[in-house]
Amino acid sequence: MTTLSAAVGRTLAACGIRHAFGVVGGGNILATAALTASGVRYTAARHEGGAMAMADAYYRATGEVAVCTTTHGPGLANAATPLAEAVKNRSGVVLLCGDAPLAGPRPHDIDQSAFAASLGVPVVRLSDPATARREIAGAVRTARARQCPVAVFIPGDLSGAAVPADEPEPDTAADPVAPAYPVADGPAGAAPPQDLARAVAALAGARRPLLLAGLGAWRSGAGKILLELGDRLGALYATTVMASGLFHDSPWSLGVCGGFADPAAAALAGEADVIVAFGARLDTFTLHGGRILDPAATVVQVDLTAGPTADRVDVHVRGDAAAVAAQLLDALDAPAPPPPGWRTGATARALPAGWAARPYEDASAGGRIDPRTLTSALARLLPAQRTVVLDGGHFIGWPAMYWRIPDPAGLVFTGAAFQSIGLGLAGAVGAAVGRPDRTVVAAVGDGGALMGLSELDTLIRTGRPALVVVYDDAAYGFEEHMYAPQGADSATMTFADTDFAGVARALGAAAATVRTVDDLDVVRSWRDRGAPGTLLLDCKVVSGVVAPYLADLIAPRTAG
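Worth saying up front: this structure is predicted, and the values here are computed from it rather than measured.

Draft legend 1. Expanded view of helix α5 (residues 80–89). A large share of α5 lies buried, amounting to 8 of its 10 residues. Considered for burial, the residues of α5 that qualify are A80, P82, L83, A84, E85, A86, V87 and N89. Positive phi shows up at R90, right after α5, with a value of about 60°.

Structure below.
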């Protein structure tokens, strides 16, 4: 006899699931046993929120759907924050949980379907063993096709129910799931003719075009066709933070658009007269509060959404980034020669070596290191093949400014979509097991590190090469810089110093406290030995140095 729990695990494995992350309990332990028995690799997290963040990061680093599994009730509730982050980041994850019995809820149960739906998660609540395998296969296909988390709930009184032996095996190849976003008839993801015509008209008169690529462009495989389109137009290129590295080999790339942009490159982006954003939501961080673009410029947004996602958009084109880029390339005539100063002299002026070439007055003092000095020195020591994992917090400006990202899969920025902190260490686990060919470099703040500290143990247990850099200013730096000038109580945002190096050693990692550049010799030694296991750097950074992106956001508030 095959039980429902066994059928769940076997079907997920048959659908191509290769890795699961979780915390087991009565609601999911038998299904998890079936997963591992079917050859699915399993990483045991210390907290359900960590498990969800790991599965999310795994998808971002690999493009493969992973499973996060928790027990019912509190197990699911503990996963809420990273689950909301995965929804907003459009990450394909199957969340496998126990649930209340079909016969009715127990005193400790909650309405899990309503809970998941409130976060925007599609729910498959298994209710008939005869259809369970087809429903599970459909959940996996939905996660892949729609790039979203899907919850599969196993009622408590159905876990051991017999699955009919004569049920046909589910079709794991066909895709009966409706597209997440309806598109016009024609090639998959192609733009409707009227939308395309408006975009062509906008570009026809462009003298200083800029192509801006977001995560949607990367996931659609649009990089090569966008480079061709840019050459046709005489355009420059930029990316959102999430698509960092997509154009790094092009001499016409301005790098990241937004608050992390080099000032000279940002100034050149401000000269663009037509900006075409592919697969980018154009949030306030990408547009840096509206400071990046010329108010007179025309903004064209190419995205799968039904309409513009920002007020700044003048022309919205509904379609897949790669498909629409190909349509535009076919529709546009060869351009007139680009004007002087766009792909010529001004580009050379605006594309220096980046932030590393910009002088600053080193503020290191009192046994604390300037975060700019720390981050630029680390840039010369990091392994070339790396996945950079960022938590949320003020500190994110420094690695975003100084560290090169190899490609968009080489950046896992946890918490950005939901504006949370505390997911970075868990994200490092998902990235490490998903891309063993790259060394994980995780940058976290001290607040986020303490919030997600349990998953440092998980990262160490994986045995994968990982460098953890704790930007330790003994404060919630973003809030301190943003709100203390407005009268907030600093005592609510600052803390006694934490010995992260001591904690890391107690958990089995190598560790060092960093107060000067000389203390970074431990990184060189670790790297030269083949980067064995986890090395944590407890970097005691100067708290008074404000990242440029945050200084710009603060300026209007303090000026007012």
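Draft legend 2. Here's a closer look at the nonpolar core. Grouped together as the largest cluster of nonpolar side chains are 51 residues, with contacts concentrated most on F21, M52, L95, V440, V468 and L536. Per-element accounting of this core gives the leading share, 8 residues, to helix α3 (residues 48–62). Residues in contact with L95, not counting those within four places in the same chain, are M52, C68, T70, L76, L83, V150, A151 and V152. V388, L520, V545 and A547 belong to the second largest nonpolar core, which has 45 residues in total.

Draft legend 3. Region of interest: the confidence of the model for the protein chain. Averaged over the protein chain, the pLDDT score is 90; the fraction of residues at 70 or greater is 92%. Counting contacts from residues 174–186, a segment whose pLDDT is below 50, to residues more than four positions away or on other chains yields 21 contacts.

Draft legend 4. Representation of the environment of A266 in the model. Mapped onto the secondary structure, A266 falls in helix α11 (residues 263–269). On the basis of relative accessibility, which here comes to 19%, the residue A266 falls in the buried class. Expressed as a C-alpha distance, the spacing of A266 and A77, which sit 189 residues apart in the sequence, is 42 Å.

Draft legend 5. Looking closely at the packing of aromatic side chains. Overall, the coordinates contain 5 aromatic pairs when judged by the stated rule. Ring plane angle 35° and centroid distance 4.9 Å describe the contact between Y237 and F247, whose orientation is recorded as tilted. Note that Y237 is positioned in strand β10 (residues 236–239) and F247 in the loop between β10 and β11 (253–256), a separation of 10 residues in sequence. Here F247 falls in the buried class, since its relative accessible area comes to 2%. Relative to F495, the ring of Y476 has its centre 5.0 Å away and its plane inclined at 90°; by these criteria the two rings are edge-to-face.

Draft legend 6. Examining the side chain of D407 more closely. Position of D407 among the secondary structure elements: in the loop between α15 (397–402) and β16 (411–413). Within the local environment of D407, its side chain forms a polar contact with the backbone nitrogen of A409, the two atoms lying 3.0 Å apart. A distance of 2.6 Å separates polar atoms of two side chains, one belonging to D407 and the other to R438. Among residues more than four places away in sequence, those in contact with D407 are W218, S244, G245 and R438.

Draft legend 7. Just the pairing of strand β2 (residues 19–22), in detail. The side-chain alternation of β2 yields two buried faces, one formed by H19 and F21 and the other by A20 and G22. Of the pairings in the sheet, the one linking β2 to strand β3 (residues 41–44) comprises 4 bridges and is parallel in character. By the bridge assignment for β3, G22 is matched with A44. This β-α-β element, β2 to helix α2 (residues 29–37) to β3, shows right-handed connectivity. Of the pairings in the sheet, the one linking β2 to strand β4 (residues 66–70) comprises 3 bridges and is parallel in character. Across the sheet, the residue bridging to G22 is T69, located in β4.

Draft legend 8. Spotlight on empty space enclosed by the protein. Going through the model one piece at a time under the given rule, you end up with 2 cavities of 30 Å³ or more. Estimated volume of the largest cavity: approximately 50 Å³. Surrounding the largest cavity, A238, L254, V256, C257, A261, A265, A266, A269 and I292 form its lining. For the lining of the largest cavity, the elements supplying multiple residues, two or more each, are β11 and α11. Take the lining of the largest cavity: its biggest share by element is 3 residues, from α11.

Draft legend 9. Broad picture of the sheet that holds strand β18 (residues 466–472). Read across the open sheet, the 6 strands follow the order β16-β15-β17-β18-β20-β19; overall the sheet is parallel. Looking along the sheet, the strands with just one partner apiece sit at the ends: β16 and β19 (510–514). If you compare each strand with its neighbour and ignore which way they point, the axes differ by 15° on average. When β19 meets strand β20 (residues 534–540), the two strands line up parallel, connected through 5 bridges. Across the sheet, T513 pairs through a bridge with D538, a residue of β20.

Draft legend 10. Examining the pattern of salt bridges more closely. Going through the model one piece at a time under the given rule, you end up with 20 salt bridges. Residue D457 is joined to R461 by a salt bridge in which the shortest nitrogen-to-oxygen separation is 2.9 Å. Taken together, the residues span about one helical turn, with D457 and R461 both in helix α18 (residues 454–462) at a distance of 4 residues. The exposure class assigned to D457 is buried, which follows from its relative accessible area of 13%. The partly exposed category is assigned to R461, whose relative accessible area is 42%. Between D521 and R524 there is a salt bridge, with its nearest N and O atoms 3.0 Å apart. With D521 and R524 both in helix α21 (residues 521–528) and 3 residues apart, this pair spans about one turn of that helix. Taking the relative accessible area as the measure of exposure, D521 reaches 44% and is therefore partly exposed. For R524, a relative accessible area of 36% translates into the label partly exposed.

Draft legend 11. A look at a nonpolar patch on the surface. A grouping of V24, I29 and L30 is seen on the molecular surface, where their side chains present a nonpolar patch of about 260 Å² in accessible area. Structurally, the position occupied by L30 is in helix α2.

Draft legend 12. Fine view of the pairing of strand β9 (residues 209–213). In terms of burial, β9 is a largely internal element, 5 of the 5 residues being buried. Burial along β9 is two-sided: P209, L211 and A213 and L210 and L212, pointing in opposite directions, are all buried. Bridge count between β9 and strand β12 (residues 274–278): 5 bridges; the pairing is parallel. Note that in β12 the partner of L212 across the bridge is A277. Pairing analysis gives 4 bridges linking β9 to β10, with the strands arranged parallel. From the neighbouring strand, A213 faces β10, where its bridge partner is T239.

Cut-offs and rules
- Residues numbered from 1 in each chain as written.
- Predicted model: local features only at pLDDT ≥ 70, side-chain atom pairs only at ≥ 80, totals over all residues.
- Heavy atoms only, no water.
- Buried < 20%, exposed > 50% of the residue type's maximum accessible area, 1.4 Å probe, protein only.
- Helix = DSSP H or I, 4+ residues; strand = E, 2+ residues; numbered from the N terminus.
- Core = buried A, V, L, I, M, F, W, Y, C linked by side-chain atoms within 4.5 Å.
- Contact = heavy atoms within 4.5 Å.
- pLDDT = per-residue confidence, 0-100.
- Phe/Tyr/Trp six-rings, centres within 6.5 Å; stacked < 30°, edge-to-face > 60°.
- Polar contact = N/O pair within 3.5 Å; in protein donor to acceptor, adjacent residues only side chain to side chain.
- Pairing = 2+ DSSP bridges.
- Right-handed = clockwise from strand over helix to strand, strands pointing away.
- 1 Å grid on protein atoms, 1.4 Å probe; cavity = no way out; pocket = protein on both sides within 12 Å on 5 of 7 lines; lining within 4 Å.
- Points joined across faces, edges and corners; volume = space filled by probe spheres on them.
- Axes fitted to C-alpha atoms, helices over the stretch in contact; angles between N-to-C directions.
- Salt bridge = Lys/Arg side-chain N within 4 Å of Asp/Glu carboxyl O.
- Patch = residues over 30% accessible without salt bridge, like charges linked within 9 Å, V, L, I, M, F, W, Y side chains within 5 Å.
- Areas by Shrake-Rupley, 256 points an atom, 1.4 Å probe, with all protein chains shown as cover.

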